[in-house]
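Working through the structure, step by step
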Amino acid sequence: REIATDMRTLTRQVEQFARNKKIEIETLKVREAYRKEFLGNISHELKTPLFTVQGYIDTLIEGAHKDKAIRKKYLARAQKGVERLTYIVNDMDMITKLEIGDMNLEKTDFDIVELVRQTFDQFEMKAAKKSISLVFDMVYSKPIMVHADQERIQQVISNLLVNSIKYGKPNGTTEVAIEDLINNKIILRVTDNGEGIDKTYIPRLFERFFRVDRTGSRREGGSGLGLAIVKHIVEAHQERIYVDSELGIGSEFSFTLEKVNSIKKAKEAASS
Ligand code: ADP
């Protein structure tokens with residue numbers, strides 16, 4: 001009887017081992033498929049600007065360089081292609097670093113109101129080209145101190161502003177608002193009244209390379225990585241990102257941040 005019990009235990013262990021191995025293999029298969037898709041996407045994204053640059057250079061070498069006006073025009077277009085390649089490679093570099101957890105956050109205390117203002121300044125021209133107004137209410141005249149990695153948070157705000165302009169309607173508005181939450185947090189909202197997003201796509205928005213309309217997005221530039229970067233940065237801060245959007249009405253992207261804990265700071269100062 002003892003032998004029979006041992007055999008049953010052994011069978012159970014073998015079965016459990018086989019189940020674990022199967023799960024392991026399935027996980028590896030999923031990872032492998034993911035890796036292949038990622039590499040496929042990378043080469044796809046890089047090929048378009050590469051072919052553009054190559055095309056202009058070939059045409060110049062074949063004789064177009066002799067005409068000064070054409071030479072200038074084609075070189076400018078090739079330069080645009082190289083700029084786009086650099087932009088995509090930088091985004092890929094950043095997402096890779098974020099995904100392997102290689103990006104150390106350098107948290108400091110800074111004024112988020114001032115950071116929004118600075119970022120607005122950078123996008124004023126871009127917005128004006130589409131007659132989009134960037135609105136940040138005057139109620140934000142006092143500093144709101146947060147504890148985060150300033151450079152990365154600026155990247156988050158920039159990516160959200162770029163999108164609100166890219167997918168915004170001409171003559172539309174992009175508004176940034178900051179609200180206090182409980183637990184010493186704030187929420188920063190970037191709202192536009194642009195084209196909006198169909199509900200079915202919302203769960204996939206933060207995936208790498210995901211775009212609702214590939215042809216439209218390509219025309220507008222971008223790498224399909226902007227929101228994936230935003231999500232990584234926000235989550236690296238242990239904070240949350242939200243999206244609310246309605247097709248034809250507009251979108252709102254928002255994320256939370258930790259405020260500087262003034263009581264804790266005062267206690268630390270007092271004890272040191
Ligand atoms: P992309 O480089 O294509 O802009 P993102 O990761 O920044 O890549 O955004 C992914 C997709 O989400 C975009 O292609 C677009 O379809 C959609 N999207 C992002 N922001 C907005 C917005 N404010 N309004 C409408 N659609 C948006």
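Residues numbered from 1 in each chain as written. Predicted model: local features only at pLDDT ≥ 70, side-chain atom pairs only at ≥ 80, totals over all residues. Heavy atoms only, no water.

As a reminder, the rule being used: UniProt positions are given in the numbering used here, feature names are shortened, and annotations may be inferred rather than shown by experiment.
Identification of the protein as histidine kinase from Nonlabens agnitus is taken from an unreviewed UniProt entry. Per UniProt, the protein has the following entry under Catalytic activity (unreviewed entry): "ATP + protein L-histidine = ADP + protein N-phospho-L-histidine."

**With respect to the pattern of salt bridges**
Going by this rule: Throughout this description, the term salt bridge denotes a Lys or Arg side-chain nitrogen within 4 Å of a carboxyl oxygen of Asp or Glu. Each helix is a run of H or I in the DSSP string that is no shorter than four residues. Each strand is a run of E no shorter than two, and both are numbered from the N terminus. Buried means the residue's accessible area, taken with a 1.4 Å probe over protein chains only, is under 20% of the maximum for its type, while exposed means over 50%, and partly exposed covers the values in between.
With the rule as written, the count across this model stands at ten salt bridges. Of the charged contacts in the structure, one is a salt bridge between Glu24 and Lys21, with a shortest N-O distance of 3.0 Å. With Glu24 and Lys21 both in helix 1 (residues 2-61) and three residues apart, this pair spans about one turn of that helix. With relative accessibility at 35%, the residue Lys21 sits in the partly exposed group. For Glu252, the salt bridge is made with Arg189, and the minimal N-O distance between the two is 3.2 Å. Here Arg189 lies in strand 5 (residues 185-192) and Glu252 lies in strand 7 (residues 250-258), a separation of 63 residues in the sequence. Within the structure, one salt-bridge network assembled from shared partners comprises Glu179, Arg189 and Glu252.

**So, the nonpolar core**
Heads up, the condition is: By nonpolar core is meant a set of buried Ala, Val, Leu, Ile, Met, Phe, Trp, Tyr and Cys residues that side-chain atoms within 4.5 Å join together.
Grouped together as the largest cluster of nonpolar side chains are 51 residues, with contacts concentrated most on Ile112, Ile153, Ile157, Ile178, Leu188 and Phe255. Val53, Ala64, Tyr74 and Ala78 belong to the second-largest nonpolar core, a separate cluster that totals six residues.

**Considerations on helix 3 (residues 112-129)**
Test applied: In this analysis, the expected span of each helix is defined as 1.5 Å times one less than the number of residues it contains. To get the bend at a residue, fit one axis to the 7 residues ending there and another to the 7 starting there, then take the angle between the axes. Whenever two N or O atoms come within 3.5 Å, that pair is a polar contact, provided that in protein one can donate a hydrogen and the other can accept it, and provided that, for residues adjacent in sequence, both atoms are side-chain atoms.
Taking 1.5 Å per residue, 18 residues should reach 26 Å; helix 3 reaches 26 Å between its end C-alpha atoms and fits that length. Taken as a whole, helix 3 carries its principal kink of about 50 degrees at Phe123. The residue sitting at the N-terminus of helix 3 and contributing the capping side-chain oxygen is Asp111; that oxygen lies 3.0 Å from the backbone nitrogen of Val113. Of the residues trailing helix 3, Ser131 is marked for its positive phi of about 55 degrees.

**Some words on unusual backbone geometry**
Although it is not a glycine, Asn183 adopts a positive phi angle of roughly 60 degrees. By the secondary structure assignment, Asn183 is in the loop between strand 4 (173-181) and strand 5. Overall, Asn183 belongs to the exposed group, its relative accessible area being 64%. The residue Gln238 is not glycine, and still its phi comes out positive at about 60 degrees.

**Comments concerning the side chain of Ser158**
Applicable threshold: Note on definitions: a residue-residue contact is assigned when non-hydrogen atoms from the two residues lie within 4.5 Å.
With respect to the secondary-structure elements, Ser158 resides in helix 4 (residues 150-166). Among residues more than four places away in sequence, those in contact with Ser158 are Thr119, Gln122 and Phe123.

**Some thoughts on the packing of helix 2 (residues 68-99) against helix 6 (residues 226-236)**
Just so we agree on the cut-off: Note on geometry: axes are C-alpha line fits, over the in-contact stretch for helices, and angles between N-to-C directions span 0 to 180 degrees. A clockwise turn of the near helix away from the far one marks a right-handed crossing, whereas an anticlockwise turn of less than a right angle marks a left-handed crossing. Just so you know the grouping, Ala, Val, Leu, Ile, Met, Phe, Trp, Tyr, Cys and Pro go in nonpolar, Asp, Glu, Lys and Arg go in charged, and all remaining residues, Gly too, go in polar.
Two elements in contact, helix 2 and helix 6, have axes separated by 10 Å at closest approach and are oriented at 30 degrees. For helix 2 against helix 6, the interelement crossing comes out left-handed. Residues Asp91, Met94, Ile95, Leu98 and Glu99 of helix 2 lie in contact with helix 6, whose contacting residues are Ala228, Ile229, His232 and Ile233. By residue class, the composition of the contact of helix 2 with helix 6 is six nonpolar, one polar and two charged.

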